Amino acid sequence: MSRPTHHPTVVLLGGRVIDPSAGCDGIADLAFGDGRIVDTVDADGPTIKVDASGWIICPGMVDMHVHLREPGGQHKETIASGCRAAVAGGFVAVACMPNTQPALDSVDTLDQVRHRAEEAGLCRVMPIATITRGRAGGTLTDFAALKKTGAVALSDDGSGVEDDEVMRAAGRLALETDSLLIQHCEFTELSAGGVMHAGPTAQRLGLPGWDPRAEEAMIERDIELVREIGFRYHAAHISTARGVELVRRAKAAGLPVTTEVCPHHLLLTDEACSSLDPNFKMNPPLRSEHDVAACVAGVVDGTIDCIVTDHAPHAEAEKAVGFHDAPFGIVGLETALPLAARALVEPGLLSWSGLIERMTVHPRRVLGLTKASSSNEGSLDIQMPADLTIFDPESEWTIDAQRFRTMGRNTPFNDWAVRGQVMATLVDGRLRFVHSRAADRFSMKTSA
Ligand SMILES: [Zn+2]
């Protein structure tokens, strides 16, 4: 008996294959072998057949805004636990924010993240480095060296770059090094210690309000700098109607400006804070109905490019100190797909293909992951890595924070009944997550 020289070919049979990059959406078989998508099944080699009927198969989802907390915040999350949550949520790649301890502002810290991600061996982890040293808003980091070490973008997320001259210099250096700047849009003089959206609910509750102009003014300032300099700019977690309108106009003027939104800013308003549950506290805060409607419209008309989670785990004790004093942030990796579907697909505003495009193709495009780095192309073309998200669009389930893979339990969506459940996540053709409901189909019987 000679040992087989071929890796087994896996054929996913009869699923609904959606590849927005190719404009395809239909029932088809999809095969992959040796980690890559193939068009023909080797008749002599071993074949594994998986019944994929009733499932949607699409290019692997990418979340370009997560907080993995490591180094320094391992009591909230580790790179390994964050990656477990990512693949359970259907993500094959995440871009992690640099507001760690120490901040990701050096080649050494980036190397450390890459090493830990390799050890975890679950999904692709693409670090974002800081714009300024220590995220202090003063001295720029070495963009070229950080990019060379694998930083896919630069951001001081958690804080905005407030100083005009520092941001102008960052824009110039970003243009020179072809780097993407991701801005956390908040002038703290305007947000002024606010813990929730400034509006009637904050007034009624007697809580300090976070003025939406803090976001809008920074987006406006930054767009003027983009007009002046021409660097690639991405506004993080947009939440205000005027912010969306500013980005819409910048795009119409042909400026290289993009943005993203989180599911919670599409589903919840500031009124939800009336419960005083700290799991409704995040930055930027839940906004007015008018802002929510504008964000939804922005996703639908393409002004908002990507859906991201801003996954921000905290330890339970940290959040359990009352609304006013609790830290900002909620987890999101394991609930993003059904919540985005609730906001956009269920009301008939987007097709599944439209939503998938905003969670696969667009984040890759914004991050500049083009054919040059073929592992992140985000298509189902022959020879592309088999990075796949497989989900059951009809499956109904109830969100239960106690069952999360993330170490964080801080979600405002606990006990929500949702539709759409990730069945499996494959990275390079390897099964990195399989839902218990799908385990029997993936029992991997070899037919040859
Ligand atoms: Zn932020």
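Residues numbered from 1 in each chain as written. Predicted model: local features only at pLDDT ≥ 70, side-chain atom pairs only at ≥ 80, totals over all residues. Heavy atoms only, no water.

*Asks:* Describe the overall build of the chain, listing the residues and the values that go with them.
*Replies:* Counting its regular elements, the chain contains 14 helices and 18 strands. Against the 2.2 N^0.38 benchmark of 22 Å for 448 residues, the chain shows a C-alpha radius of gyration of 21 Å, consistent with a compact globule. Expressed along its principal axes, the backbone C-alpha trace of the chain runs to roughly 75 × 45 × 40 Å. Within the span of the chain, comprising 448 residues, buried residues form 59% of the whole. (Helix = DSSP H or I, 4+ residues; strand = E, 2+ residues; numbered from the N terminus. Rg over C-alpha atoms; globule rule 2.2 N^0.38 Å. Buried < 20%, exposed > 50% of the residue type's maximum accessible area, 1.4 Å probe, protein only.)

*Asks:* So what about the sheet that holds strand β13 (residues 232-235)? Which residues, and what values?
*Replies:* If you trace the eight strands from one edge of the open sheet to the other, you get β6-β7-β8-β9-β10-β13-β14-β15, paired in parallel fashion. Edge positions in the sheet fall to β6 (61-66) and β15 (306-307), since each of these pairs with one other strand and no more. Against the sheet, helix α2 (residues 107-120) touches β7 (91-96) and β8 (124-129), its axis set at about 165° to β8. (Pairing = 2+ DSSP bridges. Contact = heavy atoms within 4.5 Å. Axes fitted to C-alpha atoms, helices over the stretch in contact; angles between N-to-C directions.)

*Asks:* Give a detailed account of the coordination of the zinc ion, specifying residues and quantitative values.
*Replies:* Donor atoms from the polypeptide that coordinate the zinc ion comprise Asp157 (OD), His184 (ND1) and His237 (NE2), at 1.9 to 2.3 Å from the metal. Donor residues binding the zinc ion come from one chain and are separated in sequence as D-x26-H-x52-H. One end of the pair, His184, is in the loop between β10 (180-183) and α5 (188-191); the other, His237, is in the loop between β13 and α8 (241-252), and 53 residues separate them in sequence. (Donors = N, O, S within 2.8 Å, 3.2 Å for Na, K, Ca; no water.)

*Asks:* Can you tell me about helix α12 (residues 336-345), naming the residues and giving the values?
*Replies:* The buried fraction of α12 amounts to nine of the ten residues, a majority that puts the element mostly inside the structure. Listed in full, the buried residues belonging to α12 are Ala336, Leu337, Pro338, Leu339, Ala340, Ala341, Ala343, Leu344 and Val345.

*Asks:* Just give me the short version of unusual backbone geometry, but keep the residues and values in it.
*Replies:* Cis geometry marks the peptide bond from Glu70 to Pro71; its omega dihedral reads 5°. Relative to the elements of secondary structure, Pro71 occurs in the loop between β6 and α1 (79-88). Cis geometry marks the peptide bond from Gln101 to Pro102; its omega dihedral reads 0°. Here Pro102 shows up in the loop between β7 and α2. Backbone geometry at Asp34 places phi at a positive 55°, although glycine is not the residue there. For Asp34, a relative accessible area of 56% puts it in the exposed group. In this model, Asp178 sits at a positive phi of 50°, which is unusual for a non-glycine residue. Along the chain, the position of Asp178 falls in the loop between α4 (164-177) and β10. On the basis of relative accessible area, Asp178 is assigned to the partly exposed category, the value being 45%.

*Asks:* Just give me the short version of α8, but keep the residues and values in it.
*Replies:* With twelve residues, α8 extends 17 Å between its outermost C-alpha atoms, agreeing within 8% with the 16 Å of an ideal straight helix rising 1.5 Å per residue. If you check which residues of α8 are buried, you get Ala241, Gly243, Val244, Leu246, Val247 and Ala250. Residues of α8 that are buried in the fold lie against α7 (213-229), β14 (257-261) and α10 (289-300). Two residues or fewer after α8 comes Gly254, characterised by a positive phi angle close to 80°. (Expected span 1.5 Å × (residues − 1).)

*Asks:* How would you explain the environment of Asp44 if you had to name every residue and give the values?
*Replies:* Among the structural elements, Asp44 can be located in the loop between β3 (36-38) and β4 (47-51). Among the residues examined, Asp44 registers a relative accessible area of 73% and is labelled exposed. Taking the C-alpha atoms as reference points, Asp44 and Ile223, separated by 179 residues in sequence, lie 58 Å from one another.

*Asks:* Give a detailed account of the side chain of Gln421, specifying residues and quantitative values.
*Replies:* Among the secondary structure elements, Gln421 is positioned in strand β17 (residues 417-427). One polar contact links Gln421 to Arg437, side chain to side chain, over a distance of 3.3 Å. Excluding residues within four positions of it along the chain, Gln421 makes contact with Phe391, Asp392, Ser395, Trp397, His435 and Arg437. (Polar contact = N/O pair within 3.5 Å; in protein donor to acceptor, adjacent residues only side chain to side chain.)

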